[in-house]
Every structure is written in C-alpha cells, then in structure tokens.
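# Working through the structure, step by step
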Amino acid sequence: MLSLDPSGPEWDCPLGSKDLEEEGPWGGGSGLPPTGCFPGSWRQDVGLDCKGSPEGAEARAWTVYYYSLLQSCLQQAGLPETQDRSQVPRTGCPGAEVTLCVLGSPSTFLPVLLEGGVQSPGNMLLCLSPAWLMKVPAPGQPGEAALLVSKAVSFHPGGLTFLDDFVPPRRATYFLAGLGPGPGRGREAAELARDLTCPTGASAELARLLEDRLLTRQLLAQQGGVAVPATLAFTYKPPGLLLGGDASLGLRLVELSGKEGQEMLVKEEVEAFLRSEALGDILQVAVKLSGWRWRGRQAWRLHPRAELGAVVDTVLALLEKLEEEESVLVEAVYPPAQLPCSDGPSPGPGLAVRICAVVCRIQGDRPLLSKVVCGVGRGDRPLRHHNSLPRTLEVALAQCGLGEEAQVAAVRQRVKAAAEAALAAVLALEAGLSAEQRGGRRAHTDFLGVDFALTAAGGVLTPVALELNGGLCLEACGALEGLWAAPRLGPAADEAVAAPLVETMLRRSARCLMEGKQLLVVGAGGVSKKFVWEAARDYGLQLHLVESDPNHFASQLVQTFIHFDMTEHRRDEENARLLAELVRARGLKLDGCFSYWDDCLVLTALLCQELGLPCSSPAAMRLAKQKSLTQLHLLRHHGPPWPAPSLHAVPCCPLESEADVERAVHQVPLPGVMKLEFGAGAVGVRLVEDAPQCHEHFSRITRDLQGEADHPGIGLGWGNAMLLMEFVEGTEHDVDLVLFGGRLLAAFVSDNGPTRLPGFTETAACMPTGLAPEQEAQMVQAAFRCCLGCGLLDGVFNVELKLTGAGPRLIEINPRMGGFYLRDWILELYGVDLLLAAVMVACGLRPALPTRPRARGHLVGVMCLVSQHLQALSSTASRETLQALHDRGLLRLNLLEEALVPGEYEEPYCSVACAGPSPIEARLRLLGLCQGLGIDGPSYPVAHFLSHFK
C-alpha cells in the first residue's frame with residue numbers, strides 16, 4: 001500500500017472543479033444537502049426549530065438532513081428512534097452540571113455520543129445546527145465567552161436519545177466540533193469554538209496545523225521518531241512552525257521565493273529526490289497538494305519513479321495553485337507489503353492494508369491508544385476510509401497471510417508505539433503555542449486519528465504514518481464496533497473507542513466547573529497530604545484553611561489561614577459555632593467545606609450544618625467515626641431491603657475500663673482484635689488470643705496513648721477508649737466509594753497483603769483487585785450498604801473489609817477519602833481523582849465521573865517501616881534514591897512520614913510500588929526492586945506479603 005489517495009495516473013478530481021469541495025457543510029461545502037439518502041420510517045414532524053434563532057432555508061435543510069442521518073445511524077445500530085421532548089423544555093441547573101456538547105455530523109461522532117450517554121447519562125448533547133448554540137461574554141474574563149446550548153439531542157444508556165429544548169439554556173462544560181475552512185457550517189463551528197471559557201477538544205487553529213501533511217510529517221519524524229513516507233516538499237512562504245527538513249529522515253523541504261520561474265530548481269530537486277536512497281526500492285511516487293485549503297480534496301497524481309519529466313511537470317502545474325503556507329509534495333508510494341508468512345508473491349495485484357489508529361489524551365496529558373481498525377483492498381486501487389470495510393488488525397493481517405500470534409502482537413505493539421508517539425509530539429507542539437495560536441486558552445487536542453501504511457523494510461513490518469485526522473478514524477472505529485450492534489452477534493471484547501475520550505471530556509468538565517470555587521479546608525494534615533495543595537493550585541481552587549498548628553507549612557499556600565485550636569474534639573459542637581462566626585466575620589463566601597483528616601470529620605459536618613453547606617449529617621459522621629457504634633448500629637440494621645448491612649457487621653464491645661474488658665471477653669469470641677475507638681493508621685491494633693492478653697493490651701494502651709501529644713493525628717483528641725471485636729479470617733480489601741445523593745457513582749477495590757501478626761500495620765497492596773468479578777461486586781455492594789446504613793449519603797469514603805467464606809465482613813468505615821497511596825494509585829490507574837470528586841461533592845455538585853472506570857495497568861506496592869528498614873532507608877533505599885527511581889518511572893513512591901523516627905506505635909514511612917501490564921509482572925518487578933534496595937529481608941519477607949497477589 002499504500003498511500004491512501006492515489007488511484008491511477010490521472011487526477012482523482014480535476015483541479016479547480018467544484019467536486020474538490022468536501023461533501024457536506026462541515027468541510028466548507030455549500031448548497032443544499034442530497035435528498036433521498038436515508039430510507040426509513042422515523043417521524044418527520046419533530047421540533048427542529050430553535051426559538052429565537054430562525055434558520056434560512058438552506059441551513060434548515062442541512063439540519064433536517066443531519067437529523068435524518070442520526071436516525072439512520074441509530075437504525076443501523078439497532079437503537080430506537082429519537083423521541084421529541086422539545087414541547088416540554090428541560091430546566092436543569094445551569095453552571096452546576098456537566099454538559100458535553102458536540103456539533104457535527106452524527107455519523108462521525110456517533111461512537112462518542114453513545115459512549116457519553118453511558119458514562120454521563122443525559123449530559124452528552126448533539127447539536128445538529130450552529131443555531132442551537134449561542135456565545136455570551138463571560139463576566140470577568142475579557143475576550144472569552146460562555147457557550148450556551150438551547151436545543152440538542154441528549155444521549156442516555158441503551159442508546160436512548162431525546163430531542164430537548166433547555167430553558168434556561170445549559171452552559172457547555174466541554175465542546176467538540178466538526179471544523180472546516182470553507183464558508184459553510186465548519187466555519188460557523190470554528191467561530192463558536194474560539195476563545196471559550198469551557199474546554200474544547202478541537203479548534204480551527206489546531207486543525208489547520210494538524211491537517212498540514214508537511215508540518216505533521218516533520219513533527220512526527222523529528223519529535224516523535226515516527227516513520228513517515230520519504231517526502232520532497234516545495235513550500236511557498238512556509239509557516240513559522242515549519243523547520244528545515246532533515247534529509248536523514250527522508251524529508252526534504254525546499255522554500256520557494258515565488259511560484260513562477262522555478263523550473264530549474266524544481267527539476268534539480270526532483271531529480272535528486274528520485275535518485276536518493278531515501279526512496280529505497282520504491283517504484284512510484286505521488287504528487288499532491290498540502291495545506292488547510294486542500295483538506296479532504298483528492299487532487300493527486302501517481303507517476304512511475306523513472307518518469308522525471310512527468311513528475312517535474314506535475315509539480316510545476318501545482319505550484320500555480322499554491323497560496324501562502326501551502327506546499328506541493330512528492331512522496332513515496334509503498335506497494336503492498338509481502339508479509340513474512342505469505343506464500344510468496346500472489347499472481348494478482350496483492351492485498352493492501354490501511355491501518356487506522358485512534359489515540360486519546362488521558363490523565364497527566366499522556367497518550368493512550370484507544371483502538372485500531374484496518375481496511376483491506378486490492379493493492380492496485382486506492383484504499384480510502386469510505387471504500388473499504390473496517391476490520392480488526394488480526395483479521396486484516398490474517399487475510400494478507402500473517403496469522404502467527406507473536407508476529408501480529410509485534411505489529412500491534414509497533415502501531416501502538418507509533419500512534420502514541422504521534423499524539424505525544426502533537427501535545428508537545430501545543431504546549432509551546434500561545435492561547436491565540438491554539439484558538440483559545442482552553443483549546444487542546446484530546447484525540448487523534450493516525451493513518452498508517454504497513455511496509456516490510458528490512459524484513460520487519462513497520463507502520464508508516466501517512467496523515468493525521470480525527471473524524472475519519474473515529475468513524476471507522478465506530479463502524480467496526482457497530483458490527484456487534486444489530487443483530488447482536490456477540491460482545492465487543494475491547495473497550496469502546498470513545499471511552500478514553502469521554503473520560504477526558506468529563507475530567508476537563510470537572511475542572512471547568514470547579515475553577516475558582518471557594519472552599520474551606522478543616523485540618524491540614526501531614527506530609528502525606530501535600531498533594532492537596534498542589535492539586536488545588538492545578539485545579540484553580542481557592543482554599544481557606546482552619547488549622548491548629550500556627551506554623552503549618554500549608555498556612556502559606558492558601559487564600560486565608562485561620563488559626564484555631566481544634567485538638568479537643570469533645571468540644572466540636574462549640575468549636576463549630578465559633579468557627580462559623582469567624583468565617584462570617586472574615587466575609588468568606590464559601591462554595592463548600594470539607595476535610596480529609598480523620599480527627600476533623602465530625603467538626604467539619606457540624607460546621608457545614610452551621611454554614612448551610614452540603615455535607616453528610618453530623619450524626620452519620622459520628623456513627624462512622626466511632627468504630628464500635630458503627631458495628632453495633634449495623635448489626636441492628638436487618639432490613640428491608642435485603643441483603644441488609646447486618647450481614648457484614650462484626651460483633652464487638654466498647655471498652656472504657658478494665659470491667660468492660662472483663663465483660664467483653666465473655667461476649668466476643670476469641671481470638672479477637674483490640675483497637676482504639678477513634679484510631680487511625682492501625683496504631684495500637686492488636687490480635688489478642690485470650691483474656692490475659694486483652695487486659696494486658698488495654699493497660700498498655702491506656703498508659704502509653706493518653707492524649708493527642710502522645711501520638712498526634714491518630715484520633716486521641718477524641719480520647720483513648722478502645723473496643724474488642726471478633727477476629728474474622730479472610731483476605732483484606734479496601735473499597736473507595738464516591739456517593740452523591742445516596743447514589744453510588746464509582747467504586748475502586750484494592751487488595752491488601754497479610755499483616756505481621758499480632759499487629760495489623762499494612763504491609764502490601766495491589767490494585768485493581770484480583771478478586772473474581774462476582775466477589776468484587778459483593779465487596780462494593782457491602783461497602784455501599786454499610787455507608788447507607790450509617791447515613792453516609794454524600795462524599796468520598798474508604799471502607800475496609802475482609803472477604804470471608806461467608807462473604808464480606810466490615811472492619812471499619814473511614815468517612816473520608818482513602819489515605820496512604822490510594823488517591824495516587826486510583827488517579828494513575830483509572831484517571832479519577834478522589835480529591836476532585838470530594839471537593840465537587842462538598843460544593844453540592846455531582847462529580848463528573850465515568851460510569852464504569854477501567855484500570856489501565858496494575859500496581860503492586862509494599863510499605864516500608866522505620867522499625868524494619870531504618871538501615872535501608874538511610875542508605876540503599878534513602879528518600880533521595882527512592883525519589884530518583886520514582887522520577888525515572890521505575891517505581892511509584894508515596895511518602896507518608898517526614899522523619900525516620902522509630903517507635904513502638906508506628907505508621908508506615910512510605911509506600912513503594914511497581915507498575916505492570918499484569919499483577920504478576922508488577923509483583924515480580926517489585927520483588928526484584930525490594931531485594932536490590934534492601935527492603936526485603938528475613939524479618940520482612942516481601943515475597944510472603946505479596947503472596948496474595950499471584
């Protein structure tokens with residue numbers, strides 16, 4: 001193959017003809033749409049007019065055309081017809097809800113729309129006309145505008161769609177448009193997308209760069225290390241971003257001073273190129289135009305490499321068509337690759353393969369390959385997106401004679417690496433552009449389509465990037481996914497092509513909704529919570545802090561610092577009233593108030609109640625905070641509905657005196673577990689085998705841990721009461737939940753390794769869970785039921801459970817975001833930030849989360865303890881060494897303590913983790929690392945702690 005475009009020795013379309021316009025108004029075409037294209041029985045009497053924004057006859061015809069195209073797409077996918085609800089406008093909550101808006105062709109964006117309906121029901125909106133949208137100036141943001149949606153087709157789970165009017169209009173939190181250079185709807189879309197206050201996934205300015213074949217080939221070759229066709233380019237007044245071509249990369253850039261009188265220069269350059277080693281054994285070259293004006297136009301000519309005169313004449317003819325920043329390209333045309341397993345040359349022209357990859361920008365501005373589809377056709381004919389059926393890479397290669405699994409996997413890996421490198425190069429380019437050059441402060445490329453040829457250079461099948469595009473590749477991937485839609489022949493095993501893109505749309509929407517929000521943080525926490533202040537700055541949050549330590553480092557990182565002694569938590573009700581008065585006296589206009597610090601959770605709920613801010617009730621927080629109350633309350637919660645929370649609760653007794661201990665040993669089966677009622681970090685938790693051990697441990701704790709000063713940050717401000725609970729056998733797991741209005745929005749399950757009995761300090765962890773899907777679902781539902789049973793309806797909560805032979809059993813509920821490494825791991829693996837979710841809930845906003853987040857990899861980690869690793873942490877595994885390995889991507893470090901101070905009642909110093917495509921690989925990497933760093937040893941057998949993760 002395989003240039004996508006040449007079809008023979010003659011022009012595909014005569015230069016200058018009207019046929020060079022792209023079909024449809026999004027590409028800049030004009031005139032009326034085709035008629036009679038969509039045989040179907042859907043209703044025609046639907047309300048497509050937008051009140052206050054009348055359309056002319058031509059614009060109205062295109063709106064009707066795209067509505068019919070949408071119905072045809074839904075019909076072919078086996079989905080129901082759109083229902084017209086426009087007679088009863090939707091009200092909504094403008095400025096307080098996610099609104100993902102797409103303006104463009106339904107067939108192009110259908111995969112995004114359907115996936116958006118699943119991940120964020122009712123919030124994915126398709127506008128069929130620019131008249132359905134309106135830009136209004138944004139107060140306090142000169143030169144920027146908010147985008148309002150008055151009418152749209154909304155998408156819901158199961159492919160349900162509704163034609164809706166919105167009164168008042170919904171404010172877009174993300175905008176994605178089909179763009180074009182001409183005078184049609186593409187131009188209108190470009191104007192709508194420019195300089196918005198909401199994030200945009202494309203702009204005319206960025207599209208102009210990405211549609212320039214010469215610029216993108218140079219970018220991919222020089223910045224991304226991606227193979228591109230050998231190319232000779234004649235450019236007239238090139239853009240500033242275009243650098244001198246590097247001949248060693250097969251790119252030669254010739255800058256022209258004018259369009260006339262260039263015959264000698266053109267002949268010399270073409271002759272040198274046709275004789276160059278860069279072309280290898282290529283037999284044909286294509287001559288084409290490059291530039292934004294020529295987007296989607298098939299103006300090419302194919303020539304044998306030996307015909308110098310013909311190539312020169314074609315180049316000279318095309319030079320007359322050039323405008324500033326445009327180019328004429330002479331490029332290699334690759335023949336169908338002879339695959340390693342094929343039985344020699346075929347008697348016919350052979351089969352050509354076009355590979356199309358969609359790659360998305362995910363959390364951390366990293367590229368991720370979303371899906372690969374292929375087209376297969378005769379090697380002597382043009383192979384374009386719309387004249388070949390999409391199929392998987394495996395099927396396409398098998399049709400061409402390559403079916404060996406390892407070789408196919410190697411090709412897929414090379415395509416993945418090249419596609420992700422392409423987007424990385426584009427993102428790097430964008431990072432150096434000004435807001436004006438990008439088309440707005442919030443304009444960024446969130447997905448990319450990359451078309452590849454497959455060559456057999458040196459006997460190795462290598463993908464060669466031909467061009468970048470978004471819509472065509474997205475549409476091809478959607479067509480492949482549509483094979484499983486109607487009739488339902490079987491499940492699509494892979495993740496939907498648009499899933500990573502929709503997750504990015506939601507993540508950027510959340511940022512948009514939260515930027516500038518005023519939040520009061522109660523309790524700053526320690527070194528393990530430093531990420532809060534970094535994230536707040538990144539998200540544009542305005543934080544105000546209440547903290548007992550007047551010298552806390554975070555006092556310099558917030559808008560307002562209120563020093564207030566909160567250490568005596570038995571006075572929380574009084575302190576909440578005093579703090580509310582301080583907040584009012586300072587004139588703080590708060591959108592929310594939250595805490596992630598165990599000691600301050602009840603105080604925060606009381607303060608929210610005083611200030612009228614969203615939060616779970618103080619009663620629910622008290623119930624979850626005191627461990628024995630949690631268990632005893634749930635034990636009485638028998639339902640209905642069933643299964644009831646009582647199934648997960650564990651018998652226990654509160655302990656405040658020796659008499660309580662004596663009574664408890666006769667009520668709770670031994671062995672049991674003794675712990676602090678309000679404790680944290682597993683400090684003071686111990687397995688007790690009999691009554692004497694119970695009395696001994698109770699006496700030790702009441703002697704050693706009497707108040708906050710004895711061990712700050714573990715809840716001693718609440719007192720040092722204890723409890724005895726039954727010890728349950730089983731594997732230990734954490735479930736981190738996001739709840740809003742009593743509904744479960746997201747859940748993340750992780751596995752813990754065996755602890756060093758009789759203590760319960762965490763040793764190791766693995767995410768995502770290795771449990772079977774049914775067991776994982778049981779854990780999530782158990783955690784959810786326990787939270788609801790305690791009245792925890794809004795927030796981010798961490799629930800610790802054990803999976804026993806009889807099902808999940810509750811260890812405790814932490815009514816705040818999970819600690820240690822959990823927020824970092826979930827962000828890394830799932831792209832979901834629990835901190836952002838928590839602050840959204842605190843502001844009364846539904847967190848913008850994907851319905852079913854999927855982990856992209858595995859993490860396995862081990863805890864380091866000062867008592868066990870002091871020597872290693874002071875030498876081979878020093879903080880500096882671990883940080884350096886973290887920076888190189890060899891491990892993931894989460895520092896939990898600042899100083900190397902050993903003590904009897906200790907918490908982990910840090911977590912060290914390794915990533916891998918499977919838990920086995922991550923586990924092996926971590927084990928090798930721990931052995932090399934001196935973390936593994938006879939007294940701390942890392943292999944044993946990781947044994948649950950096999």
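Before going into details, it helps to say that this report is about the structure given with it. What you see is a predicted model, and the numbers here were worked out from it, not measured in a lab.

### Let's talk about the sheet that holds strand β25 (residues 731-740)
If you walk across this open sheet you meet the eight strands as β29-β28-β25-β26-β27-β30-β32-β31, and the pairing is antiparallel. Each edge of the sheet is formed by a strand with only one pairing partner; in this case those strands are β29 (807-814) and β31 (892-895). Each strand axis lies, on average, 25 degrees off the axis of its neighbour in the sheet, ignoring direction. The sheet contact formed by strand β27 (residues 764-767) and strand β30 (residues 858-864) spans four bridges and is antiparallel. Bridged to Ala 765 within β30 is Gly 861. Against the sheet, helix α20 (residues 773-790) makes contact with β25, β26 (743-752), β28 (795-804) and β29, and its axis sits at roughly 55 degrees relative to β25, the strand it touches most.

### Let's talk about the packing of helix α1 (residues 57-76) against helix α2 (residues 106-119)
In contact at an axis separation of 10 Å, α1 and α2 are set at 55 degrees when each is read in the N-to-C sense. Viewed along their axes, α1 and α2 adopt a mutual orientation that is oblique. The two elements α1 and α2 meet at a crossing, and its hand is right-handed. Mapping the contact onto sequence places Tyr 66, Leu 69, Leu 70, Cys 73 and Leu 74 in α1 and Pro 106, Ser 107 and Leu 110 in α2. In terms of residue class, the contact of α1 with α2 is made up of seven nonpolar, one polar and no charged.

### Some remarks on the nonpolar core
A general trend in soluble globular proteins is that nonpolar side chains are found buried together. One finds Phe 175, Trp 533 and Val 912 to be the most contacted residues of the largest nonpolar core, which totals 155 residues. Top element by residues in this core is helix α22 (residues 834-842). It accounts for nine residues. Setting aside anything within four residues of it in sequence, one finds Trp 533 in contact with Val 521, Ala 524, Leu 543, Leu 545, Phe 553, Ala 554, Leu 557, Val 558 and Tyr 596. Counting 50 residues, the second largest nonpolar core, distinct from the first, contains Leu 520, Ala 620, Phe 678 and Phe 784.

### Quick notes on the pairing of strand β24 (residues 722-726)
Within β24, four of the five residues are buried, leaving the element largely enclosed by the surrounding structure. Relative to β24, strand β21 (residues 652-655) runs antiparallel, the two being bridged by four bridges. Its bridge partner lying in β24, Cys 652 is registered against Met 725. Of the pairings in the sheet, the one linking strand β22 (residues 672-676) to β24 comprises five bridges and is antiparallel in character. Of the residues in β24, the one forming a bridge with Leu 676 is Met 722.

About the criteria used
Residues numbered from 1 in each chain as written. Predicted model: local features only at pLDDT ≥ 70, side-chain atom pairs only at ≥ 80, totals over all residues. Heavy atoms only, no water. Pairing = 2+ DSSP bridges. Helix = DSSP H or I, 4+ residues; strand = E, 2+ residues; numbered from the N terminus. Axes fitted to C-alpha atoms, helices over the stretch in contact; angles between N-to-C directions. Contact = heavy atoms within 4.5 Å. Parallel < 35°, antiparallel > 145°, perpendicular 65-115°, else oblique. Left-handed = near helix turned anticlockwise from the far one by under 90°. Nonpolar A, V, L, I, M, F, W, Y, C, P; charged D, E, K, R; others polar. Core = buried A, V, L, I, M, F, W, Y, C linked by side-chain atoms within 4.5 Å. Buried < 20%, exposed > 50% of the residue type's maximum accessible area, 1.4 Å probe, protein only.

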